[in-house]
Every structure is written in C-alpha cells, then in structure tokens.
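Coordinate analysis (summary)
Listed below, chain by chain, are the residues.
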Amino acid sequence: MWKWLHPYAKTERTYHLCQRLLPWFSVLGLAVILFATVWGLAYAPTDYQQSEAYRIIYVHVPTAVLSKSLYSAMAVAAFIGLVWQVKTSFMAMMALAPIGATVTFISLVTGAAWGKPMWGTWWEWDARLTSQLILMFLFLGVISLYKAFEDKQQAGKAAGVMAIVGVINLPIIHYSVEWWNTLHQGATILKLGKPSMPPEMLWPLLLSILGWALASGAIFLLRMQNEILQREIKRPWVVALAHKNSALSKGK
Amino acid sequence: MYFEDINGFLDMGGYGLYVWLSFGSGALSLLVLWLDSLFSKQRLFTQVLSEQTRQARIKSAAEKSAAAEQSAAAEQSAAAEQSAAAEQSATAEQRTNGETI
Amino acid sequence: MAALMAILKRDLALAYRQRAELMQPMLFFILVISLFPLAVGPEPKTLQLIGPGVIWVAAILSSLLGLERLFRDDFQDGSIEQLMLSSTSLPAAALVKVVAHWLTSILPLIILSPLLALFLHLSEPMYWALLKTLLLGTPLLSLIGGIAVGLTVGLNRGGVLLALLLLPVFIPLLIFATSAVESASMQLQYSAQLAIIGAMFLFSLALAPFAIAYALRVSQT
C-alpha cells in the first residue's frame, strides 16, 4: 500500500518534490494567515467578557494546536525512521523540530500576553501554559540531543527515540498537569478555556489554524531541503544544483 | 469593519499593548524562522561551491607537483647523460693528448 | 599580556563553536526551577517564599554542570601541558580561562534570571537584590569551582565527585545570598550580606588562580 512512498527514501527525489511544493505552501500559507488575521483582528465581533483582548486567540490557538501536531508529526517521522531505517524520515524529524519549538514559543508568549490583562500577571502556572512549557522542553531536548552527536546517523536514531518517548509521555503529562491544576486551583479562574464560539468568531480562527499549518509546511519544506543538502553535500547532483543556483543569481 | 476608526483598531479597547505584542511576536518569530531557513540554504550552496574550488585547487596542485617531479626526473637523466658524455670526451681528449705527447 | 588576551579570545571562540553544548546548563536551569511550582503548587505566596533559594540552588547546580568543560578539552589534547611549559604565568592563564568560562556558562543564566523571577512571582525589590547577589556571587562559583575542576580533570568519573567537593564550600554563599533577597522582600537593608559576599569574592579572586595552577600541576603528573 505504501509502495508509492518508496521513491522518496531517496534524497534527490524528495528534494525535488519539496522544491515543487514550496511555492504553493509559501504563497498559500502567507495569504491565508494574512486573510484570517485581518478578519479576526478587524472584522470579527467583540467578546463581551474579554473585550478586544480575546483577539489574541487568533494567534495563540493556531500556534498551540500546531505545537502539538508538529510534535506528533515529528514522532511519526521518528517511528518510521527507526522501524524502517529510512534516512529521509530522520531528516524530516529534524526539519520539524525547530518549527515546533518556534510555534510553542509563540504560544507561550501569546499565552502570557493574554494572561496579563486577564489574570493580572504575565505568567500563571495554569494547566495549558504549563503543558506548553513542558512541550517546549521536549522540543529543545530532542534538538540538543541531535546536535550533541558528531555522526548524524547515530544522532537521528537517538533523537528519534527521545521524540517517541516524549510523544508517549505527552498525554500523561497533559492529564497529570490538569489534575495538578485542579488540586491547586487558585482564586483566579482562568477564562482561556474553549469558549463556545459564534461562527463569526470561529471561521477566522479555523482559517488561522489552516494558514499557520500551511506556513509551517512551507518552512518544513525549506528545512527538509537544507537537511538533505547538508547530508548529501558531496554528491554530484548537489554540486550541479549549487552551480545552477549560482548561475541563476549571477544572471540576476 | 468592527472598529469605527484606525485609532480604535490600534487601541483594541485598551488592550492594544497585549494584542499587538502577541501578533508582533508571532510575526517576528515566524519571519526569523523563515529567514534562517532561507539563508541556511544559501550558505549550504556556497559551502558546496567553495568545497568544489578547494578540491579543484588541490587536484591541480597535485598535478603540478607530479608534472614537476617528472620534468625534474627528466632533467636529472638528461644531466646524467650530459656529464657521462662530457666524461667520455674528456677521457678521449686525454688519450689524444697523451698520444700527441 | 598579549598571550592572556589570546587565551581569552581562543576560549570565547571555542565556546561559540560549541553553542549547542552551552545551551544545556541553561535548559537545565529553567527546567529545575520549573519543577518547583509543579512540586509545591502554583500559589504565588509559596513560590515567592522559596523563590530566591530555588533560583540560587538551581544556579549552583547548573554551574556545576557547566564547570567540567573548563579544563576538560584542553587537558585531553595537551594544551594545558603546553601552557605549563610556556612562559605565560599559569595562575594568570587559569584566571583568564575562568573569566571566559563565567562569561559563556554563567552570564547566560543571569540573563535568564528575570524570566525565572517571573515564573516564581518574585517582587521587584526581591529581583534587584537577587540580581546583585548573582553578579557578585557567581564569579565565586567559577573561581572556587575552578580549583576543584583542576583537581578532578584527569579523573574518569569526575562528575558527581565535583559536586561533593564544591557544594559544602558553596553553602556560605548560598546562605548570604538568600538572606539578602529575603531582607529585600521585607523592605530591609541587605548591604551587610552583599559586603560579605563581596569580601569572599575578592578573597577568592586573589588566591584561587594560584590554587588552580597548583591543582592543574597535580593533575598533570
């Protein structure tokens, strides 16, 4: 059933696939993010409880959702790499990791910026922010582990194991942090939970999620190409590409 | 448009700092990530090309030294021939000198 | 003098190339501090009570982690031996290496400290006191730590031994630093504590380089 995927275990094939997909993902990603953000910022109605501050949702929720899906994608790539010994899968995993770390970071910063007007403090140890912080640690751990190895084959396998350990732990961490939070429920009741949204608020939110996903996809394609180039740097097809690239820029 | 004017839009009901801080940091982080990925690609291509020139330089240097060795060897054998020839003519001269005396 | 500047530049350049390794103590610092709210609950008053102590203990433990690389690579490739044979004064060179180490391993922790003060809900006067104790006290960690690292650099399993050697010695620093922040939280003066930390710093600045040089010679034989 997966035979059609087999050619993409070859780095050259995958590189050119990324090249073909890149313009679509970048243009669409940018366009959808801009469209959805402007819609959410300027055209969506206001929230009666949180006034205009709720609009942070249009960047906080997409990045939070993406952070979890990117980690899962990273773990899937790790699994495929470890079980079927596919080098390109490990490259995909490491291409995803910095993107995941970045969107997790954005979700933390926007969460804090949302918390300040709502709770009165920039940081609050609530269930969601704490889970995001731990997710951030998991991403940074996988990246640090990969960078600690000289031999990138070994590095991929080690980082892959850590990614999988992390993904199994994610639901456990999530539920234990939620349980911890109910135990220590402070006087401040957070209103960052999933509000029941009217469609005029929901549509820009869904579109934002799509836009961020597409933009992350575009950056993933770029970084995947970089991983491939780095590993295959001495191959003739890479050399030919480099020459073509310099000819193009000189021609400009 | 939900807001009456641009000022209302920027002010965000008093929460302008937090809203724009959020979207600003999101945009900035995404931009930095995207630029880093783009520049890495350029750097990798430059690295490939400089490695190529370096290899070419090493190759031509190796060829030159090999060629130099060959010509040095050729010179040596030519010089050896010359000195051998010179010796022969010197001994021949001695013999003729000896004979005339 | 030029030789010492060269050593400083070299150490800084090497550290820059090992950026990924330098990140590890920083991540450890943030992680350890994050464990405490999870362990004792997020109640701001509790966190404020334990905050200064937690940040200082985490700083000490993180600096212990980063201390090993002070002499390890140079010892293994023979640079320390070269240094001993050269005309440069070994104590001066050791001091310069300690400075480079502080700049690359401990200063980042201090730069992160505002974020961590935020995590533990420290008040503003408390944070300023904390910052002063960190700036005055962490060089002590590098200086005295350098002595123990010089002694254990040749050993195979020096890691935990290093901690066992250094933690008792760091206790006075911990006591005075946290006392200073506690006084700040009660709006009291804390110049006495800072003065004592300053005295310990100057004392070790004067003597530690010689002890480190001696320790390196002991390890080299």
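Please read these numbers as outputs of a predicted model, since none were measured by experiment.

1. What about the overall build of chain B?
Across its full length, chain B carries two helices and zero strands. Within the span of chain B, comprising 101 residues, buried residues form 14% of the whole.

2. So, the interface of chain B and chain A
Taken together, the 28 residues of chain B in the interface contact 39 residues of chain A. Here the residues of the side of chain B that touches chain A sort into 18 nonpolar, nine polar and one charged.

3. Section: the packing of helix α3 (residues 87-119) of chain A against helix α4 (residues 127-148) of chain A
Residues and elements named next belong to chain A. Packing of α3 against α4 leaves a shortest axis separation of 9 Å and a crossing angle of 150°. Considering their axes alone, α3 and α4 lie roughly antiparallel with respect to each other. For the pair α3 and α4, the crossing hand works out as left-handed. Seen from α3, the contacting residues are M94, A97, P98, G100, A101, T104, F105, S107, L108 and G111; seen from α4, they are L129, Q132, L133, L135, M136, F139, L140, V142, I143 and Y146. Its residues assigned to classes, the contact of α3 with α4 comprises 15 nonpolar, five polar and no charged.

4. Re the interface of chain C and chain A
Listed as interface residues are 13 residues of chain C and, on the opposing side, 12 residues of chain A. Taken together, the residues of the side of chain C that touches chain A break down into nine nonpolar, three polar and one charged.

5. A few points about the arrangement of the chains
Counting contacts across all two pairs of chains that touch, the top-ranked interface belongs to chains A and B. Contact between chain B and chain C is absent, and the least distance between their C-alpha atoms amounts to 16 Å.

6. Brief notes about the nonpolar core
Residues and elements named next belong to chain A. Within the largest apolar cluster, 138 residues are counted, with the highest numbers of intra-cluster contacts made by M74, M93 and L96. Counting residues per element, this core draws most heavily on α3, at 19 residues. Leave out the neighbours within four places in its chain, and M74 touches M93, L96, A97, G100 and A163.

7. A look at α3 of chain A
Residue and element names in this part refer to chain A. An ideal rise of 1.5 Å per residue puts 48 Å on 33 residues; α3 measures up with 47 Å between its terminal C-alpha atoms. With 28 of its 33 residues buried, α3 lies for the most part within the structure. Once α3 finishes, G120 follows within two positions and takes phi at roughly 90°, a positive value.

8. Observations concerning the packing of helix α1 (residues 2-17) of chain C against helix α6 (residues 90-119) of chain C
All names here are of chain C. Running from N to C, α1 and α6 cross one another at 30°; their axes reach a closest spacing of 9 Å. Classified by the angle their axes make, α1 and α6 are roughly parallel. As α1 packs across α6, the resulting crossing turns out to be right-handed. On α6, the residues touching L4, I7, L8, D11, L12 and A15 of α1 are A92, A93, V96, K97, V99, A100 and T104. A breakdown of the residues in the contact of α1 with α6 according to their chemical character gives 10 nonpolar, one polar and two charged.

9. Notes on the environment of R13 of chain A
Here R13 of chain A lies in helix α1 (residues 11-43). Among all residues touching R13 of chain A, those that are not within four sequence positions of it are P7 and Y8 of chain A.

10. What to know about the confidence of the model for chain C
Across chain C, pLDDT averages 91, with 100% of residues at or above 70. Model confidence for the complex is summarised by a pTM of 0.82, with the ipTM given as 0.86.

11. Things to note about the environment of M200 of chain C
All names here are of chain C. By the element assignment, M200 lies in helix α9 (residues 191-220). You can call M200 partly exposed: it has 19 C-beta atoms within 10 Å. Remark: the alpha-carbon pair of M200 and L136, spanning 64 residues in sequence, is separated by 9.4 Å. When near neighbours in sequence (up to four residues on either side) are disregarded, M200 contacts L140 and L173.

Definitions and limits used
- Every chain's residues receive numbers from 1 upward, in the order its sequence appears when written.
- The naming scheme follows written order: chains are lettered A onward, ligands numbered 1 onward.
- The model is predicted, so local features are restricted to residues of pLDDT at least 70 and side-chain atom pairs to those at 80 or more, both for listing and for counting; the totals for chains, interfaces and linings are taken over all residues.
- Labels follow the DSSP assignment, with helices taken as runs of H or I lasting at least four residues and strands as runs of E lasting at least two, numbered in each case from the N terminus.
- Remark: C-beta atoms are placed from the backbone, and a residue is labelled buried if 20 or more other C-beta atoms sit within 10 Å of its own, exposed if 12 or fewer do, or partly exposed between those counts.
- Residues are scored as being in contact if the C-beta atoms we place from backbone atoms lie within 7 Å.
- Ten residues, namely Ala, Val, Leu, Ile, Met, Phe, Trp, Tyr, Cys and Pro, are considered nonpolar, four, namely Asp, Glu, Lys and Arg, are considered charged, and the remaining ones, Gly among them, are considered polar.
- Structural elements are reduced to axes, namely lines fitted to C-alpha atoms, with helices fitted over the stretch in contact, and the angle between N-to-C directions of any two is expressed from 0 to 180 degrees.
- Orientation labels follow simple angle bins: below 35 degrees gives roughly parallel, above 145 gives roughly antiparallel, 65 to 115 gives roughly perpendicular, and whatever is left gives oblique.
- Working rule for handedness: look at the near helix, and if it is turned counterclockwise from the far one by less than a right angle, call the crossing left-handed; if clockwise, right-handed.
- In this description, a nonpolar core means buried residues of the types Ala, Val, Leu, Ile, Met, Phe, Trp, Tyr and Cys, linked to one another by C-beta atoms lying within 7 Å.
- Residue count minus one, scaled by 1.5 Å, sets the expected span of a helix.
- Per-residue confidence from the prediction method is given by pLDDT, with values spanning 0 to 100.

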